[in-house]
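Architecture and fold: a report
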Amino acid sequence: MATKHEDHLSQRHGAVVAAAKAAGLLSGTNSAVGARVPRELIDRAKMRSGIASTTDLVEYALAKVALEDDFGARLVSRKGAIPADIVLGI
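In this report, the structure presented in the accompanying data block is examined. (Residues numbered from 1 in each chain as written. Predicted model: local features only at pLDDT ≥ 70, side-chain atom pairs only at ≥ 80, totals over all residues. Heavy atoms only, no water.)

1. Remarks on the pattern of salt bridges
What counts is decided by this rule: Every case where a carboxyl oxygen of Asp or Glu lies within 4 Å of a side-chain nitrogen of Lys or Arg is listed as a salt bridge. The secondary structure listing takes helices from DSSP runs of H or I that are at least 4 residues long and strands from runs of E that are at least 2 residues long, numbered from the N terminus. Remark: exposure states derive from per-residue accessible area (1.4 Å probe, protein chains only) relative to the maximum for the residue type, with buried under 20%, exposed over 50%, and partly exposed in between.
Going through the model one piece at a time under the given rule, you end up with three salt bridges. Its salt-bridge partner being Asp43, residue Arg39 comes within 3.4 Å of it at the nearest N-O pair. Within this pair, Arg39 and its partner Asp43 are both found in helix α2 (residues 39–49), separated by four residues, close to a single helical turn. Between Glu40 and Arg44 there is a salt bridge whose closest N-O contact spans 3.2 Å. One end of the pair is Glu40 and the other is Arg44, both in helix α2 and four residues apart, which spans about a single turn. Owing to a relative accessible area of 45%, Arg44 belongs among the partly exposed residues under this scheme.

So, in structure tokens, the structure goes:
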């Protein structure tokens, strides 16, 4: 029986993969990826994500990076864009 944490991980994984599919990132031909990555990094990522397959893990990680928003950077870049004398009505 899955725990709440495992359910959350599964939902997050499913949401990322669904968003990548909707963005057209998972269509087309597949490409082989080869990399030397520390075993501890792979094991920890599998444990934290709940993903057992290395292929699925790499796909998930790449989708997260490809879909990552830049909200934080955009927010910081707007510093000083609102006049200091503006009345917020709070």
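2. A look at the nonpolar core
Note the following rule: By nonpolar core we mean a set of buried residues, namely Ala, Val, Leu, Ile, Met, Phe, Trp, Tyr and Cys, connected to one another through side-chain atoms within 4.5 Å. In what follows, residue pairs with any heavy atoms lying within 4.5 Å of each other are defined as contacts.
Judged by nonpolar contacts, Val16, Ala20, Ile42, Ile51, Leu57, Tyr60 and Ala63 together constitute the single largest core of seven residues. Elements represented by at least two residues in this core include exactly α1 (4–22) and α3 (54–67). Of the residues forming this core, the biggest block, three residues, is contributed by α3. Dropping the residues within four chain positions of it, Ala20 is found in contact with Leu25, Leu26, Ala63 and Leu67.

3. Side note on the environment of Glu68
Within the fold, Glu68 resides in the loop between α3 and α4 (71–77). Note on Glu68: relative accessible area 62%, which makes it exposed.

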